[in-house]
Amino acid sequence: MTSDGRLAGRRVVLGVSGGVAAYKSAVLARLLLSEGAEVRAVMTRAATDFLGPATLAALTGHPVVTSLVGHEGSVSPHTDLGRWAEVVVVAPATTATISRIAVGLSEDALSATVLATRAPLAVAPAMHTEMWEHPATQRAIATLTGDGVTIIGPESGALAGGDEGPGRMSEPETVLEAVVAMLAGGLGGTSILITAGGTREAIDPVRYIGNRSSGKMGHAIAEEAARRGAAVTLVTSSHLPSPGAVRRVQVESAQEMADAVASVDPDVAIMAAAVADFRPSTNHDAKLSRADGPPEIVLEPTPDILKTVADRVRRPFLVGFAAETGSLERAVEKARRKGVDVLVANDVSQPDAGFAVDTNRVTICWPDGRTEPWELAQKSVVAARILDLIERELGRTR
Ligand SMILES: Cc1cc2nc3c(=O)[nH]c(=O)nc-3n(C[C@H](O)[C@H](O)[C@H](O)COP(=O)(O)O)c2cc1C
């Protein structure tokens, strides 16, 4: 144990549920301890089929809680652990445990501890691909993300029984980094929805109306938010890699993006996607032929996603983006009209700002008419400044 590690003196409850990846929890316990954390472990009954509690007891130096009653030294181990914890991390998290937490079913020591704590929670799912992709699991994951739970992984790779695919638990080193971020960052326990990329509106099966947005800005914000410990849902049409511990929902059209956004109930929403304002009113089933001559394409409005979020009863802290080509007057007007808390405006006509480049020059517009131009910076720096601003604003309202 070290006293100068990144988690020196921090109190971590490590929850272990019943999957083959339970062996990784022993490595995770060692990593947490080597960063100076105090660790207490709680295991489900099924977890003890995969890893003996004696292993985690010996590593942590404390008895492992495996049941709600009959625990030596505590008549109420779940509330004791829940109050003691500064962070709870469940790794591995089975489908059963994830589902129990999502519906508040506190029927064993692990789920009862999770329900009995106010500490931020992270789960590292581990399961076969079929179980991970099952709608019931995905519903539970969406609920947890909306509740501010950080979802770590899963990765795609080798699974038990020689199978391969998404569902493999993230490596203990990755889980450790997420825990460090949650304790260090100012956004632990905050759920953030981020949209990214440009939407594509189908004309026929091969053609679409699109825009030049790359998704780089939104992905940079998602990466920084995850690094600060937020529970991030990234709804993206971009094909950039997933940034860190985020829940990714891949979409293509404005309608798909609207549907994905509607299923999330976050504390903060950052709408960085370039959503098409109009789409062809007819999406032809078959490819249009040149021989038939130029088609007449009639456009209709797409759903106004920003407005829909602004009008919610439980309205998140809302950050809009506006891509303009010239004066910022329209952006200031949009900040007022759309009911956002902050609007990030960028002039996408400049070669070093806006779409597809790594830098951005933005002006922050407040609904009361104030504007704050920021100098040209890497998108990662702009992302950090936007999140600094949000942390400040949340600090004022919390
Ligand atoms: C060999 C074996 C491996 C298993 N691996 C997993 C797994 O990786 N993920 C999972 O969700 N369930 C897995 N299960 C099923 C769980 O053990 C089962 O759903 C159990 O009820 C989980 O309980 P718990 O969440 O209380 O630990 C496995 C079962 C067996 C027999």
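What you see is a predicted model, and the numbers here were worked out from it, not measured in a lab. (Residues numbered from 1 in each chain as written. Predicted model: local features only at pLDDT ≥ 70, side-chain atom pairs only at ≥ 80, totals over all residues.)

## Examining the overall build of the protein
Rules: Counting from the N terminus, the helices are DSSP H or I runs at least four residues long and the strands are E runs at least two residues long. This radius of gyration counts C-alpha atoms alone. The globule rule is 2.2 Å times how many residues there are, raised to the power 0.38. Once C-beta atoms are placed from the backbone, any two residues with those atoms within 7 Å are in contact.
Regarding its fold elements, the protein presents 14 helices and 21 strands. Its C-alpha atoms give the protein a radius of gyration of 23 Å, near enough to 21 Å, the size a compact globule of 398 residues would have. A principal-axis box enclosing the C-alpha atoms of the protein has dimensions of 75 × 50 × 35 Å. Taking the contacts inside the protein whose residues are at least 6 apart along the sequence as the reference set, 66% of them involve residues at least 24 apart.

## Notes on the site of the ligand
Applied cut-off: The rule is simple: place the C-beta atom from the backbone, and if it lies within 6 Å of a molecule or strand, the residue is near it. Under the convention adopted here, Pro, Cys and the residues Ala, Val, Leu, Ile, Met, Phe, Trp and Tyr are nonpolar, Asp, Glu, Lys and Arg are charged, and Gly plus all remaining residues are polar.
Taken together, 17 residues sit near the ligand, with S17, G18, G19, T44 and T94 positioned nearest. It is helix α5 (residues 95-103) that contributes the most residues to the shell around the ligand, 3 residues altogether. The residue makeup of the shell around the ligand, split by class, is 9 nonpolar, 7 polar and 1 charged.

## A word on helix α10 (residues 216-227)
For the record, the criterion: By this rule, a helix spans an expected 1.5 Å times one less than how many residues it contains. Each residue is classed by its C-beta neighbour count within 10 Å, where at least 20 other C-beta atoms makes it buried, 12 or fewer makes it exposed, and intermediate counts make it partly exposed; the C-beta atoms are placed from backbone geometry.
Here α10 spans 16 Å end to end across 12 residues, near enough to the 16 Å set by a 1.5 Å rise per residue. Within the sequence span of α10, burial applies to K216, M217, G218, H219, A220, I221, A222, E223, E224, A225, A226 and R227. Phi turns positive one or two residues past the end of α10, at G229, with a value near 90°.

## Some words on the domain arrangement of the protein
Defined as follows: The domain boundaries here were taken from an automatic or database domain assignment.
Its domain assignment divides the protein into domain 1 (11-184) and domain 2 (191-397). Taken together, the contact between domain 1 and domain 2 spans 14 residues of the former and 13 residues of the latter. Every element with two or more residues in the side of domain 1 that touches domain 2 is listed here: α8 (135-146), β5 (150-151) and α9 (172-184). Examining the composition of the side of domain 1 that touches domain 2, we find that 4 residues originate from one element, α8, more than from any other. When its residues are assigned to classes, the side of domain 1 that touches domain 2 shows 9 nonpolar, 4 polar and 1 charged.

## Some points on α9
Its 13 residues give α9 an end-to-end C-alpha distance of 18 Å, which sits within 8% of 18 Å, the value for a rise of 1.5 Å per residue. Those residues of α9 that fall on the buried side of the exposure criterion are P172, V175, L176, A178, V179, V180, A181, M182 and L183. Looking at the buried side of α9, the elements it contacts are β1 (11-16), α1 (22-34), β3 (87-93), β4 (121-125), β5 and α10.

## Considering the packing of α1 against α9
To characterise two packed helices, one gives the angle between the axes of the helices and the distance between these axes. Test applied: A fitted line through C-alpha atoms serves as each axis, taken over the contacting stretch for helices, and the angle formed by two N-to-C directions is quoted from 0 to 180°. Orientation is classified from the angle alone, with under 35 degrees giving roughly parallel, over 145 giving roughly antiparallel, 65 to 115 giving roughly perpendicular, and any other angle giving oblique. Take the far helix as the reference: if the near one is turned anticlockwise from it by less than a right angle, the crossing is left-handed, and if turned clockwise, right-handed.
One can describe the packing of α1 onto α9 by two numbers: an axis separation of 9 Å at closest approach and a directional angle of 45°. The angle between α1 and α9 places the two elements in the oblique class. As for the relative orientation of α1 and α9, their crossing is right-handed in sense. Note on element contacts: α9 touches α1 through P172, E173, V175, L176 and V179, opposite K24, V27, L28, L31 and L32.

## Remarks on the pairing of strand β13 (residues 268-271)
To keep things clear, this is the line we draw: Being paired, for any two strands, means DSSP has found at least two bridges between them.
Side-chain alternation along β13 places V268 and I270 on one buried face and A269 and M271 on a second face that is also buried. Bridge analysis of strand β8 (residues 191-196) against β13 gives 4 bridges, and the strand direction is parallel. Note on β13: the bridge partner recorded for L193 is A269. Pairing of β13 with strand β16 (residues 317-324), which is carried by 4 bridges, proceeds in the parallel orientation.

## So, the sheet that holds strand β20 (residues 371-373)
Read from one edge of the open sheet, 8 strands run β12-β11-β8-β13-β16-β17-β19-β20, paired in mixed fashion. Of all the strands in the sheet, the pair left with one neighbour each is β12 (246-250) and β20. Taking each pair of neighbouring strands and ignoring which way they run, the sheet shows an average axis angle of 15°. Relative to strand β17 (residues 342-347), β16 is paired through 6 bridges, and the arrangement is parallel. Bridging across to β17, A322 finds its partner in A345. α10 rests against β8, β11 (231-236), β12 and β13 of the sheet, and its axis sits at about 160° to β8.

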